[in-house]
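Coordinate inspection notes
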Amino acid sequence: MDSRSRVNFASLASGNLLDIPQIPSPRALPKVMTTPGVIPDVDGSEFNDADSDGSTFSRERKIIVTNMLPINAHKDLETNKWVFTRDEDSLYLQLRDGFSPETEVIYVGSLKVEVDASEQDEVAQQLMDNFKCVPTYLPHDLQKKFYHGFCKQQLWPLFHYMLPMSPDHGERFDRVLWKAYVSANKIYADKVMEVVNPEDDYIWVHDYHLMLLPTFLRKHFNRVKLGFFLHSPFPSSEIYRTLPVRNEILRGLLNCDLVGFHTFDYARHFLSCCSRMLGLYYESKRGHIGLDYSGRTVYIKILPVGIHLGRLESVLSLPSTCTKIKEIQEKFKGKKVILGVDDMDIFKGISLKLLAFEQLLQQHQDLQGNLVLIQIVNPARSSGKDVQEVKRETYSTATRINEVYGSPDYEPVILIDRYVARYEKSAYYAIAECCIVNAVRDGMNLVPYKYIICRNGSPQIDEAKGIKKDSPRTSMLVVSEFIGCSPSLSGAIRVNPWDIDSVAEAMYTAITMPDNERQMRHEKHHRYVSSHDVAYWARSFLQDLERACKDHYSKRCWGIGFGLGFRVVSLSPSFRKLSIDYIVPPYKRSSSRAIFLDYDGTVVPQTSINKSPTPEVIRAINTLCNDPNNTVFIVSGRGKSSLSEWLAPCERLGIAAEHGYFTRWSKNSEWECSPMAIDLDWKEIVEPIMKLYTESTDGSYVETKESALVWHHQDADPDFGSCQAKELLDHLEKVLANEPALVKRGQYIVEVKPQGVSKGLVAERVLSTMVSSGKPPDFVVCIGDDKSDEDMFESILSTVSSASIPAPDVFACTVGRKPSKAKFYLDDSAEVVKLLQGLANASSPNPRPSPHVKVSFDNFI
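Before going into details, it helps to say that this report is about the structure given with it. What you see is a predicted model, and the numbers here were worked out from it, not measured in a lab.

Bringing the pattern of salt bridges into the picture now. Scanning the entire structure with this criterion turns up 42 salt bridges. For aspartate 141, the salt bridge goes to lysine 145, with nearest N and O atoms at 3.2 Å. Here the residue aspartate 141 and the residue lysine 145 both occupy positions in helix α4 (residues 140–159), the gap between them amounting to four residues, near one helical turn. Among the salt bridges present, the one from aspartate 257 reaches arginine 296, with a minimum N-O distance of 3.7 Å. Taken together, the positions of aspartate 257 in the loop between α8 (246–254) and β8 (258–261) and arginine 296 in strand β11 (residues 296–302) put the pair 39 residues apart, joining distant regions of the chain. Here aspartate 257 and arginine 296 have matching classes, each one buried. Each of the salt bridges in this network shares a partner with another, and the network as a whole consists of Lys324, Glu327, Arg418 and Glu424.

Here it is as structure tokens:
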């Protein structure tokens, strides 16, 4: 049953999700052209076709989609006209440096100001003409519920590990706010669709505000080239799974080709959520982590963002910066300075930092009067009660420290709670002996990077500080373990911000460390920060996005699913549905046929509790078996006793049980054991090992077959079960290195079976027997649904291509639309039964005598 959070596309298109009064939509912006071309109507059918012929553009284009455009806007009081300027400090503007000069960059996002409906068309055209920006206009109520509601009250706290355990500690999930989030993402997607050329353009979506946007874009353009980067933390699965709309958001991100994170921890948490909640597998492919999602590979990118070196270095060269440095040096002459630069919010740990500084002064009295903590507080981005509480605590702690340890000419803690210009902030960076970032949770935090560059200085800064040009540069960083930049700063002192003692000790170590060690740490950090700037980050992401999209047009794809559960299935171009009309003519023309059928998930549904075949299946199989031109086999991993019981009415049916370990050609034939697997002594080694892993892995069990042992872990914890399966696989491969047994890992299983036993070998032996008996097959059909059947598909295709068998008609068919070695598919077991019935109706009505074939497999050793 669909969850209540499902929202179908018809509802979204109607615009009635929030009962917001409909406003006239601004006219569609023209696609930006650099060469003449034919542009399809945005509302036409061509625009909804993933394979439509779009316009040809001579310039490479990147479309950057963000919550807010990198544009500053205000109205001129005299002319009453809008004035727009680029926000040079915006990361999204700076990332253009990573693209080639020929690349055209278009931005889609909201303005930081509200524009009256009567002015929206004019403003949109002005922004497109002058800044290549496409504004999204959200109604005031929708904007409030979308950004200040769902984004800031629900997603942002959750992604920073804050759960609403009570009404006093966060806002509970509100479906009205969720619908606003969906509606806003739909509006952003519509704006992207106005300007995108889906065959050529690359779209890069940013941050948690727009995690559903990929679903809407993928719905319209199945092959759109789409990347996403999350600038916040991604929480562990235990936190994320509390979100009622968890699957919809995960599927939104999975509709991208590349998903980027700052750290491996964030990526690991995302992958764990996909595994636990959606049952998806991931693996590393040549150094790139990939998730298989309905035949598409969704790649994971792990790379922290950098800073814009040119922008920061230009500030360091300003006369105002140098003047400010001299002023600060004079003010704090003879004192060491520790610097903190943080936003005023509950996750930045400012009060914890002050408590650690207080303890430092208490433990080292010689520092009193000689050490100053300058805490720059950036203006709060919101004004909730939590921010007010943090502000009160910060001020009360700072006041207490200054009262206890201060004097008329010494103030140990200096709070700068106002807007601080970039030149002034850079001056503080340049003179600070140590910089501390003590956040309890932060997605990235670029303060340490800026501090390192400023401490490296410039000719103007050196002159202002009164140091020689070739003098050694030093810096010291104390950083929280819980911020995104921490893994990249290997020379920093990492701390647990909740441990006041360790933070105080870290600050003391930082300010007393010998200069030569501080110099080495600084040089190491400077090499990294200067080589991994924002341009490097953007260039690397786009290169990986191009790599992830290179096979888009080499596969067939189609969309399935409704609403926010929509996804695209992508498969080989030769992969198609096997119809009765297509297979019956070659079936009738042939005179020697081989038919191989899997059992579970093929002739009976995988989810069926009753595994006995239906009367329809029995009739169809019997009709096929009675045709003297047919050799029909059920090839299954099931045991021979179960298959014999279920298929007892089919007297002429061949059965291969336990993947071919036991084989018989008809009900009247004797079961034959594979001669390649007589020695099963290895089971005595394997069974106690599997039992050991079963005891230590809750939810696992051992299945015992005559020829094999299987360890199942589908009911165990996904991560722990997978980890244990890998360990068991390694353990068994070592102890069975000299035994005639094969260890294989499958979906939620580790299986040990005799060497030389597989469904592929069964098919090969049956086909070879038909050739040796003078009846080489001229028609082969093989149908199966799981990984073991892939061996059968591969073996059949290999065998029929050999010189001993004339080229027959081969129909390898998998059950379900998924990547496969087969060239055909059927949707489910019901379609398999219909196909068998179609073949049965085309079969010869004359029954053949009951076979008494006895074939020795010794010839196939």
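There is more to say, and it comes next.
The four strands are arranged β26-β27-β29-β28 in an open sheet whose pairing can be described as antiparallel. Here the strands that pair on one side only, and so sit at the sheet edges, are β26 (701–704) and β28 (741–746). Across the sheet, the axes of successive neighbouring strands diverge by a mean angle of 15 degrees, strand direction being ignored. Sheet analysis places β26 next to strand β27 (residues 709–712), joined by four bridges and oriented antiparallel. Of the residues in β27, the one forming a bridge with threonine 704 is leucine 709. The sheet strands contacting helix α23 (residues 683–696) are β26, β27 and β29 (749–754), and the helix crosses β27 at an angle near 10 degrees. Here helix α24 (residues 718–735) sits on the sheet and contacts β27, β28 and β29; the angle it forms with β28, its principal contact strand, is near 165 degrees.

The next point concerns the nonpolar core. Core analysis: the biggest nonpolar cluster contains 181 residues, and Val65, Ile203, Trp204, Phe234, Phe270 and Trp537 have the highest contact counts within it. Counting residues per element, this core draws most heavily on helix α5 (residues 175–195), which supplies eleven residues. Leave out the neighbours within four places in its chain, and phenylalanine 234 touches Phe159, Tyr161, Tyr240, Leu250, Leu253, Phe261, Tyr266, His269, Phe270 and Cys273. Val632, Cys650, Leu709 and Val781 belong to the second-largest nonpolar core, a separate cluster that totals 59 residues.

With that settled, consider the state of the cysteines. Tallied over the entire structure, the rule returns zero disulfides. There is no disulfide at cysteine 256, and the cysteine sulfur nearest it, in cysteine 549, is 9.8 Å away. A relative accessible area of 0% places cysteine 256 in the buried class. The structure places no disulfide on cysteine 485, whose sulfur is separated from the nearest cysteine sulfur, that of cysteine 435, by 9.4 Å.

Analysis parameters
- Residues numbered from 1 in each chain as written.
- Predicted model: local features only at pLDDT ≥ 70, side-chain atom pairs only at ≥ 80, totals over all residues.
- Heavy atoms only, no water.
- Salt bridge = Lys/Arg side-chain N within 4 Å of Asp/Glu carboxyl O.
- Helix = DSSP H or I, 4+ residues; strand = E, 2+ residues; numbered from the N terminus.
- Buried < 20%, exposed > 50% of the residue type's maximum accessible area, 1.4 Å probe, protein only.
- Pairing = 2+ DSSP bridges.
- Axes fitted to C-alpha atoms, helices over the stretch in contact; angles between N-to-C directions.
- Contact = heavy atoms within 4.5 Å.
- Core = buried A, V, L, I, M, F, W, Y, C linked by side-chain atoms within 4.5 Å.
- Disulfide = S-S within 2.5 Å.

Taken by themselves, the reported measurements are silent on function.
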